[in-house]
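Architecture at a glance
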Amino acid sequence: MLPPPTTDIRMACFICSQLVDPRAPNFLIECHFCGRWLHGACAQVTEQDALLITKFACVDCRQQQHQTEKYQQPNNASNAPYDADALSYAPLPVHLSGYASEPARLRHKKNSASFRRLLGAAIYARSGVHLVPSQDLTPSFLQRNALDEPVLIAGGSHNIAGLNEAFPVIDAATVTELLAKNHSVRTTDVATQTRQQLTSAAWQSEISEAEQQENQLTLPNAEFRLLRTPLQSKVDAPVAVTQVDWHNLLPNNDDGSGSTGNATNPNVFGVFLGANAYLDFVVAPGGQCTWLSVTGGELWVYLIPPTKENTVAFRDWKSDPDFATAFLPEKTEKCIKDISRVQQRWKRSLVRCCWNYVMTS
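Not measured: the values here are computed from a predicted model.

Turning our attention to the overall build of the chain. When you go through the chain residue by residue, the secondary structure sums to ten helices and 22 strands. Among the 361 residues that make up the chain, the fraction classed as buried is 44%. Within the chain, counting contacts between residues at least 6 apart in sequence, those at least 24 apart form 71% of the total. Summed over its atoms, the accessible surface of the chain is roughly 18200 Å², and 48% of this surface lies on carbon and sulfur atoms.

Moving on: the sheet that holds strand S17 (residues 278-283). The antiparallel open sheet is built from four strands, whose spatial order is S17-S22-S19-S20. What marks the edges here is a single partner per strand, and that holds for S17 and strand S20 (336-341). The mean inter-strand angle of the sheet, taken between neighbouring strand axes irrespective of direction, is 20°. Judged from the six bridges that link them, strand S19 (residues 298-304) and S20 form a sheet pairing that is antiparallel. Considered in S20, the bridge of Tyr-302 is made with Lys-337. In the packing of helix H10 (residues 308-319) onto the sheet, contacts are made with S17, S19 and strand S22 (356-360), and the angle to S17 comes to roughly 125°.

A few words on the pattern of salt bridges. Inspection of the entire model under this criterion finds seven salt bridges. The closest approach of N and O atoms between Arg-36 and Asp-60, which form a salt bridge, is 2.8 Å. In this pair, Arg-36 is assigned in the loop between strand S3 (28-30) and strand S4 (37-39) and Asp-60 in helix H3 (residues 59-63), connecting sequence segments 24 residues apart. Assessed through its relative accessible area of 33%, Arg-36 is described here as partly exposed. Judged by its relative accessible area of 32%, Asp-60 is partly exposed. Between Arg-186 and Glu-223 there is a salt bridge, with its nearest N and O atoms 3.7 Å apart.

The next subject is the pairing of strand S10 (residues 151-154). For a regular strand, side-chain orientation follows a simple rule: the groups alternate between the two sheet faces. Burial along S10 is two-sided: Val-151 and Ile-153 and Leu-152 and Ala-154, pointing in opposite directions, are all buried. Judged from the four bridges that link them, strand S9 (residues 130-133) and S10 form a sheet pairing that is parallel. Its bridge partner lying in S10, Val-132 is registered against Ile-153.

By the definition in use, this model includes eight aromatic pairs. Ring centres of Trp-203 and Phe-272 lie 5.9 Å apart, and the angle between their planes is 90°; this geometry places the pair in the edge-to-face category. With Trp-203 in helix H8 (residues 200-212) and Phe-272 in strand S16 (residues 269-272), this residue pair connects regions lying 69 residues apart in the sequence. For Phe-272, a relative accessible area of 11% translates into the label buried. Between Trp-317 and Phe-323, the ring centres sit 5.3 Å apart and the planes meet at 85°, which makes this aromatic pair edge-to-face. Here the aromatic residues Phe-115, Tyr-278, Phe-281, Phe-314, Trp-317, Phe-323 and Phe-327 are joined through ring pairs into a cluster of three or more. Of note, Arg-36 hangs over the ring of Phe-14, and the distance from its end group to the ring centre comes to 3.8 Å.

With that settled, the discussion passes to the side chain of Asn-356. Within the secondary structure, Asn-356 sits in strand S22. With residues up to four places along the chain from it excluded, the contact list for Asn-356 reads Phe-281, Val-282, Val-283, Tyr-302, Leu-303, Ile-304 and Phe-314.

Its twelve residues give H10 an end-to-end C-alpha distance of 17 Å, which sits within 8% of 16 Å, the value for a rise of 1.5 Å per residue. Buried within H10 are the following residues: Asn-310, Ala-313, Phe-314 and Trp-317. Viewed end-on, H10 has its buried residues packed into an arc of 100°, placing them on one side of the element. Facing away from the buried side of H10 by more than 90 degrees, the exposed set consists of Lys-308, Arg-315 and Ser-319.

All of the buried residues in helix H7 (residues 172-180) are Ala-172, Thr-174, Val-175, Leu-178 and Leu-179. With its buried residues spanning 160° around the axis, H7 presents them on a single face. Looking at the buried positions of H7, the neighbouring elements they touch are H8, strand S13 (222-225) and S16. Capping the start of H7 is the job of one residue whose side-chain oxygen sits 3.2 Å from the backbone nitrogen of Ala-173: Asp-171. Downstream of H7 by a residue or two, Asn-182 has a phi angle that is positive, lying close to 65°.

Right, let's talk about the environment of Ala-180 for a bit. With respect to the helices and strands, Ala-180 occurs in helix H7. Sequence separation of Ala-180 and Ala-201 is 21 residues, and the distance between their C-alpha atoms is 9.9 Å.

Moving on: the packing of H7 against H8. One way to put it is that H7 packs onto H8 with a least axis distance of 10 Å and a crossing angle of 155°. Looking at the two axes, H7 sits roughly antiparallel to H8. Both H7 and H8 take part in a crossing whose hand is left-handed. Where H7 abuts H8, its residues Ala-172, Val-175, Thr-176 and Leu-179 lie against Ser-200, Trp-203, Gln-204 and Ile-207. A class-by-class count of the residues in the contact of H7 with H8 yields five nonpolar, three polar and no charged.

Conventions and cut-offs
Residues numbered from 1 in each chain as written. Predicted model: local features only at pLDDT ≥ 70, side-chain atom pairs only at ≥ 80, totals over all residues. Heavy atoms only, no water. Helix = DSSP H or I, 4+ residues; strand = E, 2+ residues; numbered from the N terminus. Buried < 20%, exposed > 50% of the residue type's maximum accessible area, 1.4 Å probe, protein only. Contact = heavy atoms within 4.5 Å. Areas by Shrake-Rupley, 256 points an atom, 1.4 Å probe, with all protein chains shown as cover. Pairing = 2+ DSSP bridges. Axes fitted to C-alpha atoms, helices over the stretch in contact; angles between N-to-C directions. Salt bridge = Lys/Arg side-chain N within 4 Å of Asp/Glu carboxyl O. Phe/Tyr/Trp six-rings, centres within 6.5 Å; stacked < 30°, edge-to-face > 60°. Lys NZ or Arg CZ within 6 Å of the ring centre and 35° of its normal. Expected span 1.5 Å × (residues − 1). Arc of directions from axis to C-beta. Polar contact = N/O pair within 3.5 Å; in protein donor to acceptor, adjacent residues only side chain to side chain. Parallel < 35°, antiparallel > 145°, perpendicular 65-115°, else oblique. Left-handed = near helix turned anticlockwise from the far one by under 90°. Nonpolar A, V, L, I, M, F, W, Y, C, P; charged D, E, K, R; others polar.

Below, the structure written as structure tokens:
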């Protein structure tokens, strides 16, 4: 899990008070109860030990009667998949090699409260995301770093995209307007992870129900291409991203047009995510890099590196007839969690080529 950003990206271990750069190869662990971070050495916890911890309690919180909870592999003589909703522990979605001969085979209801708890509480990789101020986001930086790890960018999206105005916030009214003008909008059923076209009638029905419940957060998710919509010229990728030839990793020659970005890229999407939305793991088309920008609310992104083993796991997962109830990180070596919030300055992500990623709100 990525440590929370501050104005200074370094953070202090609350035991030894030493400042630590979260990008450095130091093992840090977060107390589940107070949210403070500390060195594994200061907590007397090794990185291997941490793989079996679902909730870590620091020494102060243990004095307040909180306890560290560890993952326990349930007995499963039949080797059948478990219904995760029926389990009393939070399963650990990381590779458990050396601790169990076979990780628990779990089936999840991805629209359930227990799955939300798993996403929010389970321990993921401690780092693996490069934090960078927007002024340092240059083609040369991307050539050196963007193919090694995802990048989390600070600064206004519109500024680094070369635009003069802030990106528009995509909300329920945006979706209503697009549907009224017959734009194609898709929605994903969270429980089955199936996509279907969203109709204006269905959307209006959802809005009416949300208004009756006085809860706009119950609205479903909606996804649409920005091409040929009023938002097309208002959203763009960082200029530095468009100046890199990602296929050959060489800067593109300036064609003299003075154009920045790629506002007509057909693969630019707008997404509206209601509460508890979950869009399962994908790889960008053609293995391209993916740029994610949060214009409202909060976005959780889970990232899986494209190792040979993880790629095989992804293919097996996609070919599983019951993939909608399987959680891919439970089959992979590593999963990185990245939280972007509008009220924080770290709110843009560049997902490197071929990485698997999932978005949830």
